[in-house]
Amino acid sequence: KVPDTETLIRLLTGLYGSIGYPLIFIGAIAEATFLLGLYVPGSTVVLLGAALSKTNVVAFPIVYMLGTLGLVAGFIMNYFLGKYGWYHVLKGVGLEKGIEEAQAKIQAHGSKAILLGYFFPGSASFLSTAAGVLRMPFQKFFVVSVAAQSFWSLLWGSLAYFFGLPLVEFLLKNFGFVVVAIVAVWIIRKYFKK
């Protein structure tokens, strides 16, 4: 039997109360790390932490800091993955198109591509890998990555904090609808891309 929304929120609150900070940091790294982020809901873990910080289970400034540091750490791994050629393995599993598109964006727009492209960890994974492939100077990559991710983390984290538990409750109560909506948007995007 699936527990009701109140029970799930109590469970999540207890989980974050005991291991919230390590969970947020590891979730952020996993979300940002290329390929791993496709399977690990790291953004959900971080945003849930931001939402729960309104209840004082965790502190928002620490959630923000750990989420940002974790994401940047994952992007640094991607950078070196690209720089030292390990991305060829990713090409082998059919992800070369995304890397090539990210390279083209960086070549055309430079740092602006990273600043704008980090709005979503999925696109940031491609961009950070492409920055390594293009041998962008690491110091420049690092500074731009920290600036970009700090901004986007603050924006997304503030929204999660502002909407807080009502948003979490809505998502839990309407989980089936939310999943159907996400799948529908994904299918429509794929259709229009073709």
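Please read these numbers as outputs of a predicted model, since none were measured by experiment.

Q: Would you mind going over the packing of helix H5 (residues 96-109) against helix H7 (residues 121-133) with me for this structure?
A: Two elements in contact, H5 and H7, have axes separated by 8 Å at closest approach and are oriented at 70 degrees. By the angle between their directions, the pair H5 and H7 is classed as roughly perpendicular. Of the residues in H7, those in contact with Gly 98, Ile 99, Ala 102, Gln 103 and Ile 106 of H5 are Phe 126, Leu 127, Thr 129, Ala 130, Ala 131 and Val 133. Grouping the amino acids of the contact of H5 with H7 by side-chain chemistry returns eight nonpolar, three polar and no charged.

Q: I keep staring at H5 and nothing clicks. Help me out?
A: Residues lying three or four places apart along an α-helix face the same way, a consequence of the helix completing one turn every 3.6 residues. Its 14 residues give H5 an end-to-end C-alpha distance of 20 Å, which sits within 8% of 20 Å, the value for a rise of 1.5 Å per residue. Positive backbone phi, approximately 60 degrees, marks Gly 110, located one or two places after H5.

Q: How do you make sense of the nonpolar core when you look at a structure like this?
A: Looking at soluble globular proteins, one finds that nonpolar side chains tend to be buried together. By size, the foremost hydrophobic cluster in this structure holds 33 residues, and its most contacted members are Phe 75, Ile 106, Ile 114, Tyr 118, Ala 131 and Phe 141. Of all the secondary structure elements, the ones that give two or more residues to this core are helix H1 (5-32), helix H2 (42-52), helix H3 (60-83), H5, helix H6 (111-117), H7 and helix H8 (138-173). Not counting residues up to four positions away in its chain, the partners in contact with Ile 106 are Ala 113, Leu 127, Ala 130, Ala 131, Leu 134 and Met 136.

Q: Quick question: what am I supposed to make of the side chain of Thr 68 here?
A: On the secondary structure map, Thr 68 appears in helix H3. Here Ser 153 takes part through its side chain, which lies 3.1 Å from a polar atom of the side chain of Thr 68. When neighbours within four sequence positions are excluded, Thr 68 is seen to be in contact with Gln 149, Ser 150 and Ser 153.

Q: What's the story with the packing of H3 against H7 in this structure? I'm lost.
A: Packed helices, taken two at a time, are described by their axes: the angle between them and the distance between them. Two elements in contact, H3 and H7, have axes whose closest approach is 6 Å; the angle formed by their N-to-C orientations is 40 degrees. With respect to H7, the axis of H3 lies oblique. By crossing handedness, the relation of H3 to H7 is classed as right-handed. Touching Leu 71, Phe 75, Asn 78, Tyr 79, Leu 81, Gly 82 and Lys 83 of H3 are Pro 121, Ala 124, Ser 125, Ser 128, Thr 129, Ala 131, Gly 132 and Val 133, all from H7. For the contact of H3 with H7, a count of residues per class yields eight nonpolar, six polar and one charged.

Q: Which parts of the structure should I look at to understand the packing of aromatic side chains?
A: What describes a pair of aromatic rings is the distance from one ring centre to the other and the angle between the planes of the rings. Tallied over the full model, the rule gives twelve aromatic pairs. Here the aromatic rings of Phe 60 and Tyr 161 are separated by 5.4 Å at their centres, their planes lie at 55 degrees, and the arrangement is tilted. Of this pair, Phe 60 sits in helix H3 while Tyr 161 sits in helix H8, and the two are 101 residues apart along the sequence. A network of ring pairs unites the aromatic residues Tyr 79, Phe 80, Tyr 84, Phe 138, Phe 141 and Phe 142 as a single cluster. The cationic tip of Lys 54 hangs over the ring face of Tyr 161; the distance from NZ or CZ to the ring centre is 5.5 Å.

Q: I tried to follow the side chain of Asn 78 on my own but got confused; where do I start?
A: Relative to the helices and strands, Asn 78 is located in helix H3. Apart from the residues within four sequence positions on either side, Asn 78 is in contact with Ala 32, Thr 33, Phe 34, Ser 125, Ser 128 and Thr 129.

Calculation notes
Residues numbered from 1 in each chain as written. Predicted model: local features only at pLDDT ≥ 70, side-chain atom pairs only at ≥ 80, totals over all residues. Heavy atoms only, no water. Axes fitted to C-alpha atoms, helices over the stretch in contact; angles between N-to-C directions. Helix = DSSP H or I, 4+ residues; strand = E, 2+ residues; numbered from the N terminus. Parallel < 35°, antiparallel > 145°, perpendicular 65-115°, else oblique. Contact = heavy atoms within 4.5 Å. Nonpolar A, V, L, I, M, F, W, Y, C, P; charged D, E, K, R; others polar. Expected span 1.5 Å × (residues − 1). Core = buried A, V, L, I, M, F, W, Y, C linked by side-chain atoms within 4.5 Å. Buried < 20%, exposed > 50% of the residue type's maximum accessible area, 1.4 Å probe, protein only. Polar contact = N/O pair within 3.5 Å; in protein donor to acceptor, adjacent residues only side chain to side chain. Left-handed = near helix turned anticlockwise from the far one by under 90°. Phe/Tyr/Trp six-rings, centres within 6.5 Å; stacked < 30°, edge-to-face > 60°. Lys NZ or Arg CZ within 6 Å of the ring centre and 35° of its normal.

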